[in-house]
Amino acid sequence: MKIIGLIITIITGAFLVYAAVDFPAWADPNSPASTYLSPYFIENSMKDTSVPNFVTSLLADYRGFDTMFETTVIFTAGLVCFILLRISGGKEPETRHYRHVLTGVTVTLKEGRKIPASEDFERIDDLWTPPDLIIKTGCRLMIPFIQLFALYVIAHGHSSPGGGFQGGVILGASIILLAISHDLRTALERMREKVVAILCPVGVAIYAGTGTLCLLLGLNFLDYSALASVLHVDPISARSHGILMVEIGVGIAVMTTMIWIYNNISSAGKYNQGL
Amino acid sequence: MFWQIDLAILTLVVVTAVGSLMVKDLLGAAILFGAYSFLMCLLWSIMGAVDVAFTEASVGAGVSSVFFVAAVFRTSRRTKD
Amino acid sequence: MSELIPTIIAKYNYWIYITLMMIGLYAMIAKNNLVKKIVGMNIFQTAIILFYVSIGVKKGATIPISTGGHGAAHEVVHAADYLNPLPHVLMLTAIVVGVATLGVALALALRIYSRYNTLEEDEILAQIRKK
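Presented here is a report on the structure given in the accompanying data block. These numbers come from a predicted model, not from an experiment.

1. Remarks on the overall build of chain C
- Tallying secondary structure elements over chain C gives five helices and zero strands in all.
- Reading the helices (α) and strands (β) of chain C from amino to carboxyl end gives α-α-α-α-α.
- In terms of overall dimensions, chain C has C-alpha extents of about 70 × 50 × 15 Å along its principal axes.
- Counting every position in chain C, which comprises 131 residues, the buried fraction comes to 58%.
- Here the contacts in chain C between residues at least 6 apart in sequence split such that 50% fall between residues at least 24 apart.
- For chain C, the accessible surface area stands at approximately 5700 Å², while carbon and sulfur atoms represent 65% of it.
- Looking at charge distribution, chain C has the averaged site of its 11 positive side-chain charges lying 11 Å from that of its 7 negative ones.

Quick look at the structure:
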């Protein structure tokens, strides 16, 4: 297998090298990729959408349809992880362990029994390691600032690098950091499984809903200048605001997908204490 | 764009890519893959693709390393090659 | 021969991209461990993204953010001053979709591990043949 793989790799590489000889020179301003379509986007982005970051205006306005289906792909990937691991693999174990927080006593219960309704018991797994105080406190201090930065990245994507994808990933990473520094159950108390599963399609629906709203107001799908009559601004500012709405939808969908995939992989679908 | 920095980072990218495939421990492979992603992010910020570099720094070096570590934690670290 | 060496030096980026891409392809074909295959898939993907981003590079151009800011709607923008934003947009979404597919691939690997208790390809095949 290794020799066949090496032969295939060398042949493919030789073809690519042969093709690369014909490429335009490195960083050529007159290369075909930079001459036909992209000058239009660069020259008209400010006039059409008043968004200084060309990548954002291109992502959410000129190529909005593409981005909508990319968001759908991300949602589908989260759903596939859920179906593969949670539905077919996640079964409750027969015995459960509870730890009394104040005394540290562990209680083991057979199936069907229940603990007295009290705040002092926490559910633990077979392997329980005490969480480290310094890591716990440090992460608890850092998480609000990470989330604030993520919201800044989403909202300020118009005039600096950033946008829905990056901000959504950072928001998801803050919850993942909580799950790593404490355990998965603590993170699930903050962000329940049901909330994640509902918010993920809601993010896609915000994106598609913005497009449909434009359609209902009499213009094309995802043509944000139709929002001018709703928002009481001129059509160019309406496009800028439409991009922000779409970015928020993307941010929610990406954030929840990251959390969803992490929850399923780190606990193999059982939603116990995780890493 | 200085071609010296560019060439140095490109060499390091190839080294980390080969290293993450050669190392006989899956956790080591996951960490080296994170280093590979971060060097890739540096390369893109040199090329001026700030948005792509930002995405790779948060996605490639951050979240996907965590996914790899989580998957290795749930399976095994053992590998034959 | 005298023309060949300047061509090789001028396009050194492309040769390294092809090397990276082939490293990923070889790992996908020849590696025995499933997680190693997934790492190879990601290296392959990143090499393609690197190639796309390098298409957008222009000599003497700055990053694709207008220097005028929000208020400068009437300022004339010259396309030659800014990098090509189109490959950046395409690859930005490709990276995020890439991490989502990575999640799906790892979930499949986890399911295989829970069934066969191994991640090695030859051991899985041996167990399938035994049945």
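2. Brief notes about empty space enclosed by the protein
- Scanning all chains against the criterion turns up one cavity of 30 Å³ or more.
- The calculated volume of the largest cavity comes to roughly 130 Å³.
- For the lining of the largest cavity, the elements supplying multiple residues, two or more each, are helix 2 (26-47) and helix 3 (50-74) of chain B together with helix 3 (34-55) and helix 4 (85-116) of chain C.
- Top element by residues in the lining of the largest cavity is helix 4 of chain C. It accounts for five residues.
- Along the lines of polarity and charge, the residues of the lining of the largest cavity split into seven nonpolar, seven polar and one charged.

3. Description of the interface of chain B and chain A
- Each partner contributes residues to the interface: chain B has 17 residues there, and chain A has 24 residues.
- Together chain B and chain A conceal approximately 1600 Å² of surface at their shared face, both sides included; 77% is due to carbon and sulfur atoms.
- The three residues of chain B that bury the most area against chain A are B:Asp51, B:Phe54 and B:Arg74, which together make up 36% of that side's buried surface.
- Where chain B meets chain A, there are zero salt bridges.
- Where chain B touches chain A, the interface holds four residue pairs in polar contact (both at pLDDT 80 or more).
- Sort the elements by how many residues they give to the side of chain B that touches chain A and helix 3 of chain B lands first, with 14 residues.

Criteria and thresholds
Residues numbered from 1 in each chain as written. Chains lettered and ligands numbered in written order. Predicted model: local features only at pLDDT ≥ 70, side-chain atom pairs only at ≥ 80, totals over all residues. Heavy atoms only, no water. Helix = DSSP H or I, 4+ residues; strand = E, 2+ residues; numbered from the N terminus. Buried < 20%, exposed > 50% of the residue type's maximum accessible area, 1.4 Å probe, protein only. Contact = heavy atoms within 4.5 Å. Areas by Shrake-Rupley, 256 points an atom, 1.4 Å probe, with all protein chains shown as cover. Lys, Arg positive; Asp, Glu negative; His and termini not counted. Charge placed at Lys NZ, Arg CZ, Asp CG, Glu CD. 1 Å grid on protein atoms, 1.4 Å probe; cavity = no way out; pocket = protein on both sides within 12 Å on 5 of 7 lines; lining within 4 Å. Points joined across faces, edges and corners; volume = space filled by probe spheres on them. Nonpolar A, V, L, I, M, F, W, Y, C, P; charged D, E, K, R; others polar. Buried area = accessible area lost by both parts, 1.4 Å probe. Salt bridge = Lys/Arg side-chain N within 4 Å of Asp/Glu carboxyl O. Polar contact = N/O pair within 3.5 Å; in protein donor to acceptor, adjacent residues only side chain to side chain.

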